[in-house]
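Summary of the model geometry
What follows is the residue order along each chain.
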Amino acid sequence: MRITKLSIGVFFAFISTTSLMAQTTQDTIKKNEAKNIEGVKLQGQRNKKTETAILQDQKKAVIQKQAMGAEEISRKGISNIEQGLTKITGINTVEGRGLFVRGLEERYNYLLINGLGSPSNNPFQKIIALKQFPTDVVGKLNIYKTFNSNLYADFAGATFEIETLSFEKAFTKVEFGIGVNTLSTFKNDFKISENANTMKGYIGLNSHDKRLPSEVRNDIPSGYRFSKDQSINSFKDNWNVDNVKSMPNTSFGFTTAQKFKAGESGTLGLLFSLNHGSKYRYQNGVKNQFIPLGSSIILNNDLNRKEYSYELESSVLLGLGYKNKGTNINFNGIFLQNSANLIQDYLGYRNNEVQNTQFFRVNQQDISRFLDLQLTASQKIGERHLLKAGASWVINTFSQPDRKIIDNSKPTGNPNEVMLNYGGNNLIRQYLDVNGKDYLSAFAEYSVGLGEKGDKKEFPWTLAVGYNGFFDRRSNSYRFIYGYPNDLSQSTVHVNIDRPQEVFNQSIRNNALYYREDAYSYAFKSNIYQFVNAGYLNVNFKPSEKWDILVGGRVENNMNITRYKQAGDRATDPFRNLTKNQYFVLPSLAVKMAVNEKSNLRFAASKTITRPILIEYMPIVYINPDNENIFGNKDLKNSENYNLDLKYEIFPTSKEMFAVNLFAKRIDNAIERSFITSGNSNGQTITFYNAKKATLAGIEIEGLMNLGRISENLDKWSLGANATFMYSKVTRGVDQTEETDAIANRNRTLQGAAPWTVNADLKYEFKNRSNLTHTVSLVYNVSGKKIYGVGFQKLDNIYELPFHQLDIIYAAQLTKNWNLKLGIQNILDSTYKLDLGPDSLIPVDAASLRMTDYKRGTTFNLTIGYTF
């Protein structure tokens, strides 16, 4: 027997090309029947990371899932995951507060990395700041907007999953980037902590010098008084600030992926990536505060805030993968570090002391480290059986070491000089440490195909049973050291605010000043333990080519133990224990009906939960010098969510899509940020309460269209746009009776929920004479006015106003090896604004309702890469 083998290895840009190539081959065979070809073997390989392939996967999937692959990430000049996710339908990013999905803030999202749970490395955020995660190591981003029982139950907005780069082909890539900002770059007198711009600061090791002094580091706070020598020498970081010229932002990236033969049929893959970047940011604007006083609302704080930030981000990823027929084993080690050195200068009055103009400064470093070690494996057993399992160990820490506050100083009229009185809260050193050294996550799943395969080579029944869960232990420490006067006759000093250290040292030598730790710090220590264990069952039934039905059930146990001390407890008293142990039964249903070859109708229903962000229930009062403190509510409950989705989608071509999605949610015990009057009647406190329930309903409209439909001259243009419109209404809980809208018997929307969001992406793509691709993308997003914080004590709510973001990205493959990306971000340079609403119950005695505003400036980025 003579057998001729025809082997075609191509990357298919379009799914339709598959049938085209197959037809061409059949025609060729017919023309060559005389050659007695007795067998033909057709081999094709499709790149699963192309935009077209991902769109087709979205079309086929039974659950509502969107994705972004390496190709789209590169085309849009995206440098980090957060930036990439904002290009997805209904997703926006809001200044420093993570990602909003369908108008719901970050509290309602969850993150998976290669299918494994991931904790946040920042107590102020629900998930990792995804801007820290470089896209060079990303193979695919998955976004699940409907729940399936194999996902973690912490789901209301979306679950994001990062799939790290797979070992498809060998390459090595080096990238350099530089960026300038119209507000921040080349700014003279840019203020930076004295040790931040050293080599230790550049790699984040300056935080080591800011640790709590050794004299008290391992002891319970007892009012320890530092001696004269200790007050000068035990604090390795000083109060001085350097004035520098801010340089351009820079970035460097190195990624290599290699493949090796392992035996006769196995392959071994190696991935290594190293990235580092630095960024200067300057902001200037108001930071005001309103409180009720008597029969009116007054401007309690009238402040101008200048903020200088020098941020350094580093990441390392090591991946090893082994494949052999049905066996896949992968190891990933991911390390992320972010170091933000921050100077905040406030000028104006506080506490309604209109005639008392003051200057105060915050000098802090936020440093987080995240190490995630993962091992995942899958094994096919015959055609029907598949086993998957994985486990991870995460060490993540966050600290604000030696957060220094110079308070209650008065400008003297001389440049940079202030008059300062020792005592009170005028010199404070804060030490916040949140250590999560034991986060363990695991999953295991067995699936089996039942019945006989049809024409599409799929089993009509697929049964999956599995487990996933995690254990998280956080140890939190919050301590204070104050500067105290020793001789009142020497307690007033004049200092250069940028170089005060020598004056402080001289005062210590003269017995005018000493340091002492706060003795009554009952909240100096707390421990939070969280155990989540869940079993699930999924049944996927495909009775015909038209129907795809996925039914799931999940039983999840949530145990949370908080060990804390409350006001009135002494530091030496034993911890109090607060234990919450809940079981949740969480069904899910997803149905897809193929209306025809190009369109689907989808329905999904599920029950899920929402866990609060760590700072929302951590038992501390986080102190800020502008008297806007954060008080964690340890009694917060998990929200329980009921979700409905109905979606119609059509795919006119392999590169186009239009969809309309109706959704509704009921969130029992919805968590809301609230502004209440401080206990000492000075300033406001941000705290968190459970509403009784919130009802939401909305519509998502999205489309991706080639403009060649309009005119042949526009064939190289495509437009992607989406919009979300949402209604929400809150039923208040027992802790919200003093809320202003409750007193006025007014309905209101859910805190953090935007009534509408809009994203748009206009792309022009062409190939030059060398067949190299050039792409220009114009990307826009905005979300509507929403409640940032619920108002209490007759003050209206605080609203976050729309922020319009417009970016343009040019990406070009210059040669086979060289590529270039040019991005202009925040072209409109909108002003970020928080306003007190106009409907307070008593008159507002102020010329403006503005609370916070600032601009970010426009940023120009250039990145050049070489791949070999």
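To start, this report covers the structure provided alongside it. No experiment lies behind these values; they were computed from the predicted model shown.

Reading the values: the criteria
- Residues numbered from 1 in each chain as written.
- Predicted model: local features only at pLDDT ≥ 70, side-chain atom pairs only at ≥ 80, totals over all residues.
- Heavy atoms only, no water.
- Helix = DSSP H or I, 4+ residues; strand = E, 2+ residues; numbered from the N terminus.
- Contact = heavy atoms within 4.5 Å.
- Areas by Shrake-Rupley, 256 points an atom, 1.4 Å probe, with all protein chains shown as cover.
- Salt bridge = Lys/Arg side-chain N within 4 Å of Asp/Glu carboxyl O.
- Buried < 20%, exposed > 50% of the residue type's maximum accessible area, 1.4 Å probe, protein only.
- Phe/Tyr/Trp six-rings, centres within 6.5 Å; stacked < 30°, edge-to-face > 60°.
- Lys NZ or Arg CZ within 6 Å of the ring centre and 35° of its normal.
- 1 Å grid on protein atoms, 1.4 Å probe; cavity = no way out; pocket = protein on both sides within 12 Å on 5 of 7 lines; lining within 4 Å.
- Points joined across faces, edges and corners; volume = space filled by probe spheres on them.
- Nonpolar A, V, L, I, M, F, W, Y, C, P; charged D, E, K, R; others polar.
- Pairing = 2+ DSSP bridges.
- Arc of directions from axis to C-beta.
- Polar contact = N/O pair within 3.5 Å; in protein donor to acceptor, adjacent residues only side chain to side chain.

Describing the overall build of the chain
- Assigned secondary structure in the chain consists of nine helices and 44 strands.
- Partitioning the intrachain contacts of the chain with sequence separation of at least 6 by distance along the chain shows that 73% fall at a separation of at least 24.
- Summed over all atoms, the accessible surface of the chain reaches about 36,400 Å², with 56% contributed by carbon and sulfur.

Observations regarding the pattern of salt bridges
- In the structure shown here, the tally under the stated rule is 47 salt bridges.
- In this structure, R509 engages E502 in a salt bridge whose closest nitrogen and oxygen atoms are separated by 3.1 Å.
- Overall, the relative accessible area of 47% leaves E502 in the partly exposed class.
- The partner of R850 in a salt bridge is D835, and the shortest N-O contact between them spans 2.4 Å. Here R850 is found in strand 43 (residues 850-855), whereas its partner D835 is found in strand 41 (residues 831-836), with 15 residues between them in sequence.

A short note on the packing of aromatic side chains
- Across all of its chains, the model carries 32 aromatic pairs by this definition.
- Between F176 and F252 the ring centres are 5.4 Å apart and the planes differ by 50°, which places this aromatic pair in the tilted class. Taken together, the residues span a long stretch of sequence, with F176 in strand 8 (residues 171-181) and F252 in strand 11 (residues 249-262) at a distance of 76 residues.
- With a centroid separation of 6.4 Å and an interplanar angle of 55°, the aromatic rings of F254 and F272 are classed as tilted. Within this pair, whereas F254 is found in strand 11, its partner F272 is found in strand 12 (residues 266-286), the two being separated by 18 residues in sequence.
- Residue classification places F254 among the partly exposed residues on the basis of a relative accessible area of 25%.
- Through a chain of ring-to-ring contacts, the aromatic side chains of F124, F398, Y478, F480, Y482, Y484, Y514 and Y622 assemble into a single cluster.
- It is K187 that lies over the ring of Y282; its NZ or CZ is 4.2 Å from the centre.

Remarks on empty space enclosed by the protein
- Evaluation of the coordinates by the stated rule reveals seven cavities of 30 Å³ or more.
- Lining the second largest cavity are 29 residues, with D472, Q530, R611, P612 and Y617 positioned closest to its centre.
- Listing elements by their share of the lining of the second largest cavity, those giving two or more residues are strand 20 (461-485), strand 23 (525-541), strand 24 (547-564), strand 25 (576-596) and helix 8 (614-617).
- Grouping the constituent residues of the lining of the second largest cavity by class yields 13 nonpolar, nine polar and seven charged.

A closer look at the pairing of strand 41
- Here three bridges tie strand 38 (residues 798-800) to strand 41, and the two strands are oriented antiparallel to one another. The residue bridging I798 from the neighbouring strand is L836, located in strand 41.
- In this sheet, strand 43 lies alongside strand 41 in antiparallel orientation, the contact comprising five bridges. Among the inter-strand pairings, D835 is bridged to a residue of strand 43, identified as R850.

Considerations on helix 7 (residues 501-509)
- Within the sequence span of helix 7, burial applies to Q501, F504, N505, S507 and I508. Around the axis of helix 7, the buried residues are gathered within 160° of arc, so they sit on the same side.
- On its buried face, helix 7 is in contact with helix 6 (228-233), strand 17 (385-411), strand 18 (417-421), strand 19 (427-450), strand 21 (492-496) and strand 22 (513-517).
- Of the residues flanking the end of helix 7, it is N511, one or two places downstream, whose phi is positive at about 60°.

Describing the environment of E672
- Along the chain, E672 turns up in strand 31 (residues 671-677).
- Sequence separation between E672 and N690 is 18 residues; the distance between their C-alpha atoms is 6.3 Å.
- In contact with E672, not counting residues within four places along its chain, are R107, T687, F688, Y689, A691, V730, Q736, R748, T749, L750, Q751 and V790.
- A polar contact of 2.8 Å, which involves the side chain of E672, links it to the side chain of Q736.
- Within the local environment of E672, its side chain forms a polar contact with the side chain of R748, the two groups lying 2.6 Å apart.

Details of the side chain of N301
- On the secondary structure map, N301 appears in strand 14 (residues 296-324).
- We classify N301 as buried; its relative accessible area is 0%.
- At 2.9 Å, the side chain of N301 and the backbone oxygen of D626 are in polar contact.

Note that every value here comes from positions in space, so none of it alone points to a role or purpose.
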